[in-house]
Amino acid sequence: MQNKCKFALLTLGLLFTTEFISCQKENYPLINQLPSKKTLISFSWWGNSLRNDYTLEGLQLFEKNNPDIMVEPYYGPWHGYEQQFPDRFYSNHAEDLMMIQYDWLSIYSKDGDGFYDLNKLDKWIELNNLTSEDLSYGYVNGILNAVPVAFNTTVPVWDINLFEEYHLSLPENWDDLFKCAAVFREHNLYTFGTMGVNLYLLLIAYIEQTQDKTAFSPDGHFNLNETDVKYMLQLYKKLFDEKVIYPDILTFESEKTAEESNVAGIVCWSHECSSYAERFKRVDHKVQIGNYFIDENAPVSGWYIKPSSMYAINKNSRHPEEAARLLNFLLNDPDMALLQKNDKGIPLSNRALTTLLETKQIDSLEYDSLMKMRFYSKELKRMTPNMENSLLVITFIEHARAYQSGKESLNKASREIYTAFCTYCNK
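Scope of this entry: the structure provided in the associated data block.

Observations regarding helix α14 (residues 364-375)
Helix length check: α14, at twelve residues, gives a terminal C-alpha distance of 16 Å against a target of 16 Å (1.5 Å per residue), a fit within 8%. Considered for burial, the residues of α14 that qualify are L365, E366, S369, L370, K372 and M373. The arc that holds every buried residue of α14, seen down its axis, measures 160 degrees, which confines them to one face. For α14, the exposed residues set more than 90 degrees away from the buried face come down to S364 and F375.

Next comes the structure, spelled out in structure tokens:
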């Protein structure tokens, strides 16, 4: 499928500058020139070139199997997609079918009326391929706003050979991280590398375990005090000062080999662990999913789970039935499952998962991460609104870096973070 793309430069806060891509088929007809009995619907998603390619291939297959429908695709990298979404949503220019983030339900559908009620479209969506617990993530005020594609959480991935070489056990708690770092740094190695959002979630796990608090209430209210924020910042600084973490968390996602970044492991989203692990595998080295860092006497785990992404239909769509048929194809169709594999994580759809298991298409690391989530299901809490809000994450990392580098005092950094979080969450 050839595409004609236009690029618009967008900026997200302090940390990100990226491009959003709006793409159409080069030979796409004007709406008033559509072939008879053809319905035009639009679909938007974010992703890298690999995701874009297999999604476009899937849309071609969908159109072949549904000759009465034509799909207009819109896609781009995550930060551009996220930046543009509010304007499209609030100006009523959102696509018929959209890939959305879990936390967007609390932003764009606080009362449950932001997206189409998918229960009204169950004639075309095989919702029975997901469990009632899976579907519960998409309900707002009793209305099924969206369906999850897969689950996601932060997981550690370790280079087993390095731990064996230096006679170390895999880290199980916070003290273990520093014990490993004391050995690794003598060999110019960092214990792990990670990105800002994953480090931020690690710090939330730490403060919840040590203070027996829940950082955010179910409705998104910020529950920590300024002293708690100081504890988080002090751990942040200690992790860098003692070389537990690879120093550049802003560019860690770049295509670096293990030797270039000198890490013994990574902490990343579970649905990304395979792609990251491929970058950090050394020759003949084994890679393994590790356990969540939990102190033995901690009253709570502090670790959270969420849908990796969700599908929602525009409540003002002129063609909800056709959009529902496309949603069902993307979620449940075996051919689409074989194209997507585990790019968004291990699929929740029983039909899609069965297809991948029968054809041996499930990546072992991703499958291990799913089993880890299932094994720890009682310890993993449901991620609440605001917890991974981009503006809050950026604010925290900005001041944490300023404190760690000496540009801000502990008091100033904690005060700025606490004030910003309370202002946003506790309105």
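Additional details are given in the paragraphs that follow.
Looking at a nonpolar patch on the surface
Taken together, the side chains of L357, Y367 and M371 define a hydrophobic patch exposed on the protein surface, amounting to about 250 Å² of accessible area. Within the secondary structure, L357 is located in helix α13 (residues 350-358).

Some thoughts on the sheet that holds strand β10 (residues 193-194)
Strand order in the open sheet formed by four strands is β10-β11-β9-β12, and the pairing between neighbours is mixed. Each edge of the open sheet is held by one strand with a lone partner, namely β10 and β12 (287-289). Relative to β12, strand β9 (residues 154-159) is paired through three bridges, and the arrangement is antiparallel. Note on β12: the bridge partner recorded for V157 is I289.

As for the pattern of salt bridges
Tallied over the entire structure, the rule returns twelve salt bridges. Among the salt bridges present, the one from E133 reaches R382, with a minimum N-O distance of 3.0 Å. Remark: R382 occurs in strand β14 (residues 381-382) and E133 occurs in helix α4 (residues 132-136); sequence separation between them is 249 residues. What makes R382 partly exposed here is its relative accessible area of 30%. Across the salt bridge formed by E388 and K306, the nearest N and O atoms sit 2.7 Å from each other. Placement of E388 in the loop between β14 and α15 (390-404) and of K306 in strand β13 (residues 304-313) is noted, with a sequence separation of 82 residues between them. Taking relative accessible area as the criterion, K306 reaches 3% and is therefore assigned buried.

Rules used in this analysis
Residues numbered from 1 in each chain as written. Predicted model: local features only at pLDDT ≥ 70, side-chain atom pairs only at ≥ 80, totals over all residues. Heavy atoms only, no water. Helix = DSSP H or I, 4+ residues; strand = E, 2+ residues; numbered from the N terminus. Expected span 1.5 Å × (residues − 1). Buried < 20%, exposed > 50% of the residue type's maximum accessible area, 1.4 Å probe, protein only. Arc of directions from axis to C-beta. Patch = residues over 30% accessible without salt bridge, like charges linked within 9 Å, V, L, I, M, F, W, Y side chains within 5 Å. Areas by Shrake-Rupley, 256 points an atom, 1.4 Å probe, with all protein chains shown as cover. Salt bridge = Lys/Arg side-chain N within 4 Å of Asp/Glu carboxyl O. Pairing = 2+ DSSP bridges.

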